[in-house]
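Breakdown of the fold
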Amino acid sequence: MRICRFNDDRIGIVRDNRIQDVTDVLNALPAVRYPLPRHDLLIANLDLFRSLPWDVESEIALEDVKLLSPVANPGKLIAAPVNYEAHLQEAIADEATFSRAHVRRIQETGLFLKATSSLIGADGPIEIRHADRRTDHEVELAVVIGRTCRDVPRDEALSCVAGYAIGLDITIRGPEERSLRKSLDTYSVLGPWLVTADEFDHPSGHDLALSVDGESRQIANTRDLVMDVEALIAFASSFYTLHPGDVLFTGTPEGVGPIAPGQTIEASISGVGTMRVGVVAA
Ligand code: MN
């Protein structure tokens, strides 16, 4: 199932190029009161979608909606730095724009967090700030956690996954901590929808591609992840309790490059789809 959030927080199921508006599913969510849970309420209750009818009368054309992040209230955006060997070599070679202190193997660096306030959906747009600095695109397989878990063994890791999406980890290059340079408003893109785990093949073996204004920049496959999805979940959950709706950006392959206002990013992952994200000046 492909689940999206669109327009003014409506919920939809995507089939081909059509959306079934199933916003009424929100009425079935459990009542919550202050303090609100740390998880995303809808992702924690994805089973509600199993019993929905397909009502063809409420179909909307995908092109007519504004796609928001399929996860509205993630507790955490966890991200893997330099998780493809070829990107590590690229980063080491580019001394002008990369800080050597940050270019280490993921086993040494560990993970980092992006601010949840940076999250937007496919129809963004990405709003460039600090225009005097170099800002890069990074396409990544994004994993959305489906249940509360910690200290997850590798062989149980995929049972913790609600689904998958395309992630863009937009990044200002420079010496500051990643959590600062990658957390500007609009610098985390998740979309175009959530593909539930039951409809996504094993997360290894998926093609990723990113182009800017039609120019190919990144082409890779998730089989080349240094630390694969199971290892990332095991590692992350040995530090943080993971909650439904937490998003794990699994790292970007080689080919990162600058973006500027006026450009359009097209990103694809096999088994998810394609999204086009505009870039504007803030
Ligand atoms: Mn990244």
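In this text, all values refer to a predicted model and were calculated from it rather than measured experimentally.

Moving on to the sheet that holds strand S15 (residues 207-212). Taken together, five strands build an open sheet; the order of strands is S9-S20-S19-S15-S16 and the sheet is mixed. The outermost strands of the open sheet, each flanked by one partner alone, are strand S9 (126-128) and strand S16 (215-221). The mean inter-strand angle of the sheet, taken between neighbouring strand axes irrespective of direction, is 20°. Here S9 runs beside strand S20 (residues 273-281); their pairing, made up of three bridges, is parallel. Its bridge partner lying in S20, Ile-126 is registered against Val-279.

On to empty space enclosed by the protein, then. Rolled over the atoms, a probe with the dimensions of a water molecule shows which regions are left empty. A complete count under the given rule lists two cavities of 30 Å³ or more for this structure. Taken as a whole, the second largest cavity spans an internal volume of roughly 40 Å³. Around the second largest cavity sit Val-82, Tyr-84, Glu-85, Leu-88, Arg-105, Ile-106, Gln-107 and Val-226, which together line it. Mapped by element, the contributors of at least two residues to the lining of the second largest cavity are helix H1 (85-93) and helix H2 (106-109). Considering only residue class, the lining of the second largest cavity consists of five nonpolar, one polar and two charged.

What follows covers the coordination of the manganese ion. Looking at the metal site, the manganese ion is ligated by Glu-138 (OE), Glu-140 (OE) and Asp-169 (OD), spaced 2.0 to 2.1 Å from it. In the primary sequence, the donor residues of the manganese ion line up as E-x1-E-x28-D. Taken together, the residues span a long stretch of sequence, with Glu-140 in strand S11 (residues 139-145) and Asp-169 in strand S12 (residues 161-169) at a distance of 29 residues. Judged on exposure class, the residue Glu-140 and its partner Asp-169 are both buried.

Looking now at the sheet that holds strand S10 (residues 135-137). Spatially, the three strands line up as an open sheet ordered S13-S10-S18, and their pairing is antiparallel. The outermost strands of the open sheet, each flanked by one partner alone, are strand S13 (171-172) and strand S18 (257-258). Alignment of S10 against S13, held across two bridges, turns out to be antiparallel. Within S13, the position partnered with Thr-135 by the bridge is Ile-172.

It is worth spelling out the pattern of salt bridges at this point. Any two side chains of opposite charge can pair, so long as their charged atoms come close to each other. The full count for this structure, using the stated rule, is 16 salt bridges. Taking the shortest distance from any N to any O, the salt bridge between Asp-136 and Arg-134 comes out at 2.7 Å. For Arg-134, a relative accessible area of 24% puts it in the partly exposed group. Across the salt bridge formed by Arg-173 and Glu-138, the nearest N and O atoms sit 2.9 Å from each other. You can see Arg-173 sitting in the loop between S13 and helix H3 (178-181) and its partner Glu-138 sitting in the loop between S10 and S11, a full 35 residues away along the chain. Given the relative accessible area of 9%, Arg-173 is considered buried. What you see here is one network of salt bridges that share partners, running through Lys-114, Arg-134, Asp-136, Glu-138, Asp-169, Arg-173 and Lys-182.

Let's shift gears to H1. When we look at burial in H1, the residues that qualify are His-87, Leu-88 and Ala-91. The buried side chains of H1 occupy one side of the element, clustering within an arc of 105° when seen end-on.

About the cut-offs
- Each chain has its residues counted from 1, following the order in which its sequence is written.
- Residues qualify for local features only when their pLDDT is at least 70, as the model is predicted, and side-chain atom pairs are given and counted only at 80 or more; totals for whole chains, interfaces and linings, by contrast, use all residues.
- Excluding hydrogens and water, the side-chain figures rest on all heavy atoms present in the structure.
- Only strands joined by at least two bridges in the DSSP assignment are considered to pair.
- Helix numbering and strand numbering both begin at the N terminus, where a helix is a DSSP run of H or I of at least 4 residues and a strand a DSSP run of E of at least 2.
- Interaxial angles span 0 to 180 degrees and are taken between N-to-C directions of axes, which are lines fitted to C-alpha atoms, for helices over the stretch in contact.
- Every definition here rests on a 1 Å grid over the protein atoms only: cavities are sets of points where a 1.4 Å probe fits but cannot get out, pockets are open sets enclosed by protein on both sides within 12 Å along at least five of seven lines, and lining residues have some atom within 4 Å of a point.
- Grid points are joined across faces, edges and corners, and a volume is the space filled by probe spheres set on the points.
- Residue polarity follows a fixed list, in which Ala, Val, Leu, Ile, Met, Phe, Trp, Tyr, Cys and Pro are nonpolar, Asp, Glu, Lys and Arg are charged, and the others, Gly among them, are polar.
- Each metal's donors comprise the N, O and S atoms found within 2.8 Å of it (within 3.2 Å for Na, K or Ca). Water is not part of the atom list, so some coordination spheres may appear incomplete.
- Note on classification: 1.4 Å probe, protein chains only; a residue is buried when its accessible area is under 20% of the maximum for its type, exposed when over 50%, partly exposed between these limits.
- Put simply, a salt bridge is a Lys or Arg side-chain nitrogen that is within 4 Å of an Asp or Glu carboxyl oxygen.
- Note that the arc is computed from the directions linking the helix axis to the C-beta atoms.

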